[in-house]
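# Descriptive structure summary
Now for the letters of each chain:
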Amino acid sequence: MTGFTGAFTFPGNLGARFTTPSDEDFLLQLFIEARPWLSWAEGSRDFLRMLHEQQYATMRAGLESLYPEHIDLVIEKAGDRVGRLTVDLGYSDWRVSELQISIEARGRGIGSDVLRGLQMAATSLLLPISLSTPMIGSHGRQVYERLGFRVTDVTPPLYQMAWFPQGHPAAVPAGAAVPA
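Because the structure is predicted, anything quoted here is derived from the model rather than measured. (Residues numbered from 1 in each chain as written. Predicted model: local features only at pLDDT ≥ 70, side-chain atom pairs only at ≥ 80, totals over all residues. Heavy atoms only, no water.)

### A word on the sheet that holds strand E1 (residues 7–10)
To keep things clear, this is the line we draw: One requirement defines pairing of two strands: DSSP has to find at least two bridges between them. For helices the rule is a DSSP run of H or I covering at least 4 residues; for strands it is a run of E covering at least 2, with both sets numbered from the N terminus onward. Axis angles are defined between N-to-C directions and span 0 to 180 degrees, where every axis is a line fitted to C-alpha atoms and, for a helix, only to the segment in contact. Two residues form a contact once any of their heavy atoms are found within 4.5 Å.
Pairing within the open sheet is mixed, and its eight strands lie in the order E1-E2-E3-E4-E5-E6-E8-E7. Here the strands that pair on one side only, and so sit at the sheet edges, are E1 and strand E7 (150–155). For this sheet, the mean inter-axis angle between neighbouring strands, taken without regard to orientation, is 30°. Both strand E6 (residues 129–134) and strand E8 (residues 158–163) contribute to a ladder of six bridges, which runs antiparallel. Pairing of Leu131 across the sheet is with Met161, part of E8. Lying on the sheet, helix H2 (residues 45–66) is in contact with strand E3 (70–77), strand E4 (80–89) and strand E5 (94–101); it crosses E4 at an angle near 35°. Strands E1, strand E2 (14–18), E3, E4, E5, E6 and E8 of the sheet are contacted by helix H3 (residues 110–125), whose axis makes an angle of about 160° with E5.

Right, here's the structure in full:
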């Protein structure tokens, strides 16, 4: 029997592996791409770099505090880094706290394939998957609803959403109307 290699496979010929120190520049670039408003600040290029690095460090510290059991993965397609997934593999649900796809790789279904892979794995454990998505400036809600997620709470500026595998007590039976 072989041991765990530190890599996961997902539909769409995708893989994910634990982050390493050599991924830090890539992860910072993903962070910057996902938060373009930080670049609107007035200041020199060095100031903006410092602002991005400071905000990135704050986000990482927040993840460590909120989700101490999380795993941080780099998503790869054909050996190229295309995104990041941060998920807390809890006992009552799996919480996706970050799913970022690089600008060059967006629109190819990579994020959807990653979530489908998580759904397949969570189904075998009858665990729901939860996440949040912005109410404004994002098409996340529509994307997640196509994948079977539903809004469970509205906490402006975010929609709280969850997906429940068939057989879970909160799952909507096949053919039934989804609660609004």
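### Observations regarding the pairing of E8
Rules: Burial status follows relative accessibility: with a 1.4 Å probe on protein chains alone, a residue under 20% of its type maximum counts as buried, one over 50% as exposed, and anything between as partly exposed.
For E8, a buried count of five out of six residues is recorded, marking the element as mostly surrounded by other parts of the structure. With five bridges joining them, E7 and E8 adopt antiparallel strand pairing. Of the residues in E8, the one forming a bridge with Thr155 is Leu158. A loop of two residues connects E7 with E8, the two strands running antiparallel in sequence.

### Quick look at helix H1 (residues 24–34)
Three or more residues of H1 are buried, namely Phe26, Leu27, Leu28, Leu30, Phe31, Ile32 and Glu33. Those residues of H1 that are buried lie in contact with H2, E3, E4 and E5.

### Things to note about the pattern of salt bridges
The condition that has to hold: Salt-bridge detection follows one rule: a side-chain nitrogen of Lys or Arg within 4 Å of a carboxyl oxygen of Asp or Glu.
Using the criterion set out here, one finds ten salt bridges in the structure. Measuring nitrogen to oxygen at the nearest pair gives 3.5 Å for the salt bridge that ties Glu98 to Arg35. Note that Glu98 is positioned in strand E5 and Arg35 in the loop between H1 and H2, a separation of 63 residues in sequence. An identical accessibility class is assigned to Glu98 and Arg35; each is buried. Each of the salt bridges in this network shares a partner with another, and the network as a whole consists of Arg17, Asp23, Glu76 and Arg81.

These results come straight from atomic positions and should not be treated as a statement about function.
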